[in-house]
Number of protein chains: 2
Amino acid sequence: MGTHFQVLTTDSATAARRGQLQTRHGVVQTPIFMPVGTQGTVKALTAQHLHDIGAQIILGNTYHLNLRPTSELIRDLGGLHKFMGWNKPILTDSGGFQVFSLAKLREIREDGVAFQSHLDGAKLFLGPKEVMTIQANLGSDIAMVLDECPPWPCEKAACAEAVARSYRWAKQCQQVATDNGFLAAGHHVFAIAQGSTFDDLRREAAESLASLDLPGYAVGGVSVGEPEPEMLKQVGATTPYMPVNKPRYTMGLGTPPQILKMIALGVDMFDCVLPSRVARNGLVFTPDGPMNLRNERYRTDPLPICPEISNYTTGFSRAYLRHLTVAGEMLSGTLLTLHNLHFFLDLTAQARAHLEAGDFGSWHRAWIERYEAGAAERKASRA
Amino acid sequence: MGTHFQVLTTDSATAARRGQLQTRHGVVQTPIFMPVGTQGTVKALTAQHLHDIGAQIILGNTYHLNLRPTSELIRDLGGLHKFMGWNKPILTDSGGFQVFSLAKLREIREDGVAFQSHLDGAKLFLGPKEVMTIQANLGSDIAMVLDECPPWPCEKAACAEAVARSYRWAKQCQQVATDNGFLAAGHHVFAIAQGSTFDDLRREAAESLASLDLPGYAVGGVSVGEPEPEMLKQVGATTPYMPVNKPRYTMGLGTPPQILKMIALGVDMFDCVLPSRVARNGLVFTPDGPMNLRNERYRTDPLPICPEISNYTTGFSRAYLRHLTVAGEMLSGTLLTLHNLHFFLDLTAQARAHLEAGDFGSWHRAWIERYEAGAAERKASRA
C-alpha cells in the first residue's frame, strides 16, 4: 500500500502537490478534475469527446447505476468500462450521498441506510457490504466507502456520531474489499472524512481513517450549504491530518477559483456537476468569469467563447452557440458541455504545469484575481 | 447550364441512375440521402459526426433560419456554412412548405404567402423575391423555388391552379436568381413539380418547369398523407417528364424501401427527418427492419445494433443504448441519430455501388424483401 501514488513535486508557497496515481486502467496525473458520468455517460458527450478534451478519469454514480440498469447487469456485460466504452480510470461513489439527497423515507441504521428509490419507490438498503459489492460489480478503479454525511448546520454530538459511524463503515468496507479480493486486484478504496464545521472532529476523522492505511482519502460533507469561507476552512482543517503519500479528494466541488484554492490546500482530485449542469443552460466558463450565452449582447458576436482555449467548440462563434441555446438544440448542450469540461480539465492541467515550473502560488493568485474581476465586470454591465 | 450534373451510369433493369452533381462546395455523388439540419444543426450531431458517417450534403430550413437567428445575421457572419461549421454542400428549401405546416393564419396571394410566425405571431410574408434573397443570404449551394403544395386529397381545379402558380413563382425565382448573380456564381436553383394525384397535372408541371432549364428538379407534394402506392405513382408520373440531364429530388421522403423504390424510378436526391426524429425516441434501422430499443428484450443484449454496419454507435451494446434511452440521456439521441443517418447514407452508398456493378435491380428487390420480412417478424413477435 502506498506505492500506487507518488508526490512528484510539493509547492514551496502553498500545500499544493503534483502527483501521479496508478490505477488498473492507467496513470492519473494530479491535481485532476474528474467529469461526472452519473448514469453511465457524461451527459451530452461521447467518450470520444472526453478523450479529445484530455479527460483522464471520470465518475460513475453507484446510486443511479444500481437502480438502473443495475450493477448485476453491468457486471454481466463486462463491467462499467466496457458498458460505456470508456477505457480509462473510473471512480465511483458509494451511493450514500444520493440516498441523502434524492431518495425518499431514508432511515440510518448501524448496519447501513434503508430508503426508497426516487424512481419507483422500491424499498432498498445500502450497507458497507452492499456498496462494496455494487462497486465491485461495476469494476470501479476507485471505490468510495459508505459514509454518513451530516447536514449543515449540524449539532456537534450528532456530527461526532456520524464521524464515528463513518469510521466503522469505512473499516467494514475495507474488510469486504479485502475478503473479496477487490483491493488485492489493484482496485482502490478511498475513505471519507466527515466532521462538518468542527475542526477537532475533522482532525479526528482524518486521523482515525488514516490508521486504516487505505489507498486514498476524501473530504466529505463540504459544499452542503455552508458559505465558501467555511467550506475552505473545513478542507483546511482536514488535509493536514491526511497521509502525505495518499491522494486526497474533495467530493462534489467546486468553482474554478475554489478548485485552485483547494489545490493550494493540498487536494489532488476534484469532481463537480457544475460545469456540465450550467452548460445545458447556456452558461460557459472563461478566464474572465462565467459568460451567459443567452444574453442578447452575444446575438451577433463573431468571436469564439474565449481565445485562450482551443477545442471543437471554439471553432464556433458566440452568435452560433447562442442561437443553438435559444433554439433549444441538443447540440448546444454538447458543445457547451465540451467547452466547460475542457475548461476545468485545462485549469488542472495548468495547475500541474505551474507546480512543475515552481510558480503555482503566484500563478493561482493571479488567475483567481483575473477571474473574479472579469466576473464582477460582467455582473456590473448586466445591471 | 447542364454541365454541373453528369449521369455516369443508367441501370438496365430500372430507371435508376448513378450521377454526380457539382456545387460550389464540392461534388455530390448520387443517388444520395441528405440529413436535415433544420435550425443550423442536424439535431444531436456535430459536423464532425456528419463527416464521420459520410454525409455529402445536408439541408437547412429557410423558414426556421429566417425566423431565428434571421438570414441577415447569418449573412453578416459569413453565411450558413461558416455559421454552422459545415464546409460541404447545403441545400435549403424555400420555406413554403413550413408556412403551410407550421405557421398560423396563412394567406396565399398571387405575389406570395402572408403568415404569422409560429414562434411569436409576428406577421411575415414570403414571395419569390423573399425566398431567393433569404437563400442567397444563407449562401445555399442549392436553393429551392417557392411553390404551392396542395393538400391531399385535393380538387383537380384547385390543384391545377397550384401547379400554374408554382410555375409562375418558379419563373420569378429564376429571374431573381439571375438578376442578383446567384445562378451566375454557381449556386443552383431547383424547381418543384406539384400536381397531387393527377397524372396529367404532374406531367404538365414537370414539362412546363423543364422549359425553364433550371439546374435541378424536385417532386413536391408527396408524402402529405396519401398511401404509399399513391405516393410512388405520383413520383412515377413525374420523373419521366423531367430532364434526363438534371438531378431529381423527392422532398421529405422516405422509409428505406421507399428510397430504393424511388431510386428505381430515377430519383437522385432524398431528404427526410424520419431517421433522426425516430432515433430520439429509441427506434433504430437495421437491414431486418426497424428495432425499438425501448423493448424489454434488449435489456441484457450484448450485441451491437446490427453487424453489417460499422460506426461509432456500433461500438456499444443494445443493452447500453437501451439504458441510455430509458434513462432519458442526451447521448442516446446522439448515438442513435448517428446510427440512423449512417444507415440511410450507407443505403444510398450501397445503391451507388450496385449501380456501378450493374446489379441494382435484383439487389434492391432482395434488400427490400429482407427488410420487410424482418420488420414483419419483429412485429409478429411483439404481438
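Look up: the structure comes first, before these words.
Residues numbered from 1 in each chain as written. Chains lettered and ligands numbered in written order. Predicted model: local features only at pLDDT ≥ 70, side-chain atom pairs only at ≥ 80, totals over all residues. Heavy atoms only, no water.

A word on the pairing of strand β9 (residues 112–116) of chain A
Residue and element names in this part refer to chain A.
No. 1: Of all 5 residues that make up β9, 5 are buried, and the element is covered over most of its length.
No. 2: Joining the antiparallel neighbours strand β8 (residues 104–109) and β9 is a turn of 2 residues.
No. 3: As judged from the 4 bridges shared by β9 and strand β10 (residues 123–126), these two strands associate in the antiparallel manner. Paired with phenylalanine 115 across the strands is leucine 124, a residue of β10.
No. 4: The turn linking β9 back onto β10 is made up of 6 residues, and glycine 121 within it adopts a positive phi angle of 80 degrees. (Buried < 20%, exposed > 50% of the residue type's maximum accessible area, 1.4 Å probe, protein only. Helix = DSSP H or I, 4+ residues; strand = E, 2+ residues; numbered from the N terminus. Pairing = 2+ DSSP bridges.)

A look at the interface of chain A and chain B
No. 1: Contacts between the two partners involve 37 residues from chain A and, on the opposite side, 37 residues from chain B.
No. 2: In total, chain A and chain B occlude about 3,000 Å² of area from one another, counting both sides; carbon and sulfur atoms represent 63% of this.
No. 3: For the interface between chain A and chain B, the tally reads 2 salt bridges.
No. 4: The residue Glu329(A) makes a salt bridge to Lys43(B) at a minimum N-O spacing of 2.6 Å.
No. 5: Where chain A touches chain B, the interface holds 12 residue pairs in polar contact (both at pLDDT 80 or more). (Contact = heavy atoms within 4.5 Å. Buried area = accessible area lost by both parts, 1.4 Å probe. Salt bridge = Lys/Arg side-chain N within 4 Å of Asp/Glu carboxyl O. Polar contact = N/O pair within 3.5 Å; in protein donor to acceptor, adjacent residues only side chain to side chain.)

Describing the packing of helix α10 (residues 256–264) of chain B against helix α13 (residues 330–357) of chain B
All names here are of chain B.
No. 1: Direction vectors running N to C along α10 and α13 enclose 30 degrees, while the axes themselves pass 11 Å from each other. By the angle class used here, α10 and α13 are roughly parallel. Like other packed secondary-structure pairs, α10 and α13 cross with a definite hand, here right-handed. Within the contact between the two elements, α10 uses Pro256, Ile259, Leu260 and Ile263 and α13 uses Phe343, Phe344, Leu347, Thr348 and Ala351. (Axes fitted to C-alpha atoms, helices over the stretch in contact; angles between N-to-C directions. Parallel < 35°, antiparallel > 145°, perpendicular 65-115°, else oblique. Left-handed = near helix turned anticlockwise from the far one by under 90°.)

A word on the pattern of salt bridges
All names here are of chain A.
No. 1: Counted by the stated rule, this structure contains 40 salt bridges over all chains.
No. 2: Between aspartate 76 and arginine 75 there is a salt bridge, with its nearest N and O atoms 3.1 Å apart.
No. 3: In this structure, glutamate 148 engages arginine 165 in a salt bridge whose closest nitrogen and oxygen atoms are separated by 2.5 Å. Pair noted here: glutamate 148 is in the loop between β11 (142–144) and α7 (156–179) and arginine 165 is in helix α7, with a separation of 17 residues, a long-range link. Across the pair, arginine 165 and glutamate 148 agree in class, each one buried.
No. 4: The network of salt bridges with common partners includes Glu110, Glu148, Glu161, Arg165 and Arg168.

What to know about the sheet that holds β10(A)
Residue and element names in this part refer to chain A.
No. 1: Taking strand neighbours across the sheet as the criterion, the 3 strands line up as β8-β9-β10 in an open arrangement whose pairing is antiparallel. One side of each edge strand has no neighbouring strand; the edge strands of this open sheet are β8 and β10. The average angle at which neighbouring strand axes cross in this sheet is 15 degrees, direction not considered.
No. 2: Taken together, the 4 bridges between β8 and β9 define a ladder with antiparallel strand orientation. Along β9, the bridge assignment pairs arginine 109 with glycine 112.
No. 3: Taken strand by strand, α7 contacts β8 and β9, and its axis lies near 80 degrees from that of β8.

So, the packing of helix α9 (residues 228–238) of chain B against α10(B)
The description of two helices packed together rests on the angle between their axes and the distance between the axes.
Residues and elements named next belong to chain B.
No. 1: The geometry of α9 relative to α10 is characterised by a closest axis approach of 10 Å and an angle of 25 degrees between their N-to-C directions. Judged by the inter-axis angle, α9 sits roughly parallel to α10. Between α9 and α10 lies a crossing of right-handed hand. From α9, Glu228, Met231, Leu232 and Val235 reach across to α10, where they touch Gln258, Lys261 and Met262.

Topic: the relation of the copies chain A and chain B
No. 1: Superposing chain A onto chain B takes a rotation of 180 degrees plus a shift of 0.0 Å along the axis, which leaves an RMSD of 0.0 Å. Taken together, the turn and the small shift mark the pair as related by a two-fold rotation axis. Rotation axis and chain A: the residue whose C-alpha lies nearest the axis is Met330(A), separated from it by 3.7 Å.
No. 2: Interface overlap between copies: 100% of the residues of chain A at the interface are likewise at the interface in chain B, consistent with a symmetric, same-surface contact. (Least-squares fit on C-alpha atoms with pLDDT ≥ 70 in both.)

Observations concerning the packing of aromatic side chains
No. 1: For the structure on display, the rule yields 22 aromatic pairs over all chains.
No. 2: Between Phe343(A) and Trp367(A), the ring centres sit 6.1 Å apart and the planes meet at 50 degrees, which makes this aromatic pair tilted. Taken as a pair, Phe343(A) in helix α13 (residues 330–357) and Trp367(A) in helix α14 (residues 360–382) lie far apart in primary sequence, 24 residues in all.
No. 3: Relative to Phe115(B), the ring of Tyr63(B) has its centre 5.8 Å away and its plane inclined at 40 degrees; by these criteria the two rings are tilted. Residue Tyr63(B) is found in helix α2 (residues 62–67), and its partner Phe115(B) is found in strand β9 (residues 112–116); the two are separated by 52 residues along the sequence.
No. 4: By relative accessible area, which is 5% here, Phe115(B) ends up buried.
No. 5: Three or more aromatic residues link up through ring pairs in this structure, and these residues are Phe33(A), Phe285(A), Phe343(A), Phe344(A), Trp367(A) and Tyr371(A). (Phe/Tyr/Trp six-rings, centres within 6.5 Å; stacked < 30°, edge-to-face > 60°.)

A word on empty space enclosed by the protein
In this approach a probe as big as a water molecule rolls over the atoms, and the regions it shows empty are the leftover space.
No. 1: For the structure shown, the criterion picks out 5 cavities of 30 Å³ or more.
No. 2: Residue lining of the largest cavity: 13 residues in total, with Thr46(A), Ala47(A), Met84(A), Tyr320(B) and Leu331(B) positioned closest to the centre.
No. 3: By residue class, the composition of the lining of the largest cavity is 10 nonpolar, 3 polar and no charged.
No. 4: For the second largest cavity, the lining is made up of 13 residues, of which Leu331(A), Leu45(B), Thr46(B), Ala47(B) and Met84(B) are closest to its centre. (1 Å grid on protein atoms, 1.4 Å probe; cavity = no way out; pocket = protein on both sides within 12 Å on 5 of 7 lines; lining within 4 Å. Points joined across faces, edges and corners; volume = space filled by probe spheres on them. Nonpolar A, V, L, I, M, F, W, Y, C, P; charged D, E, K, R; others polar.)

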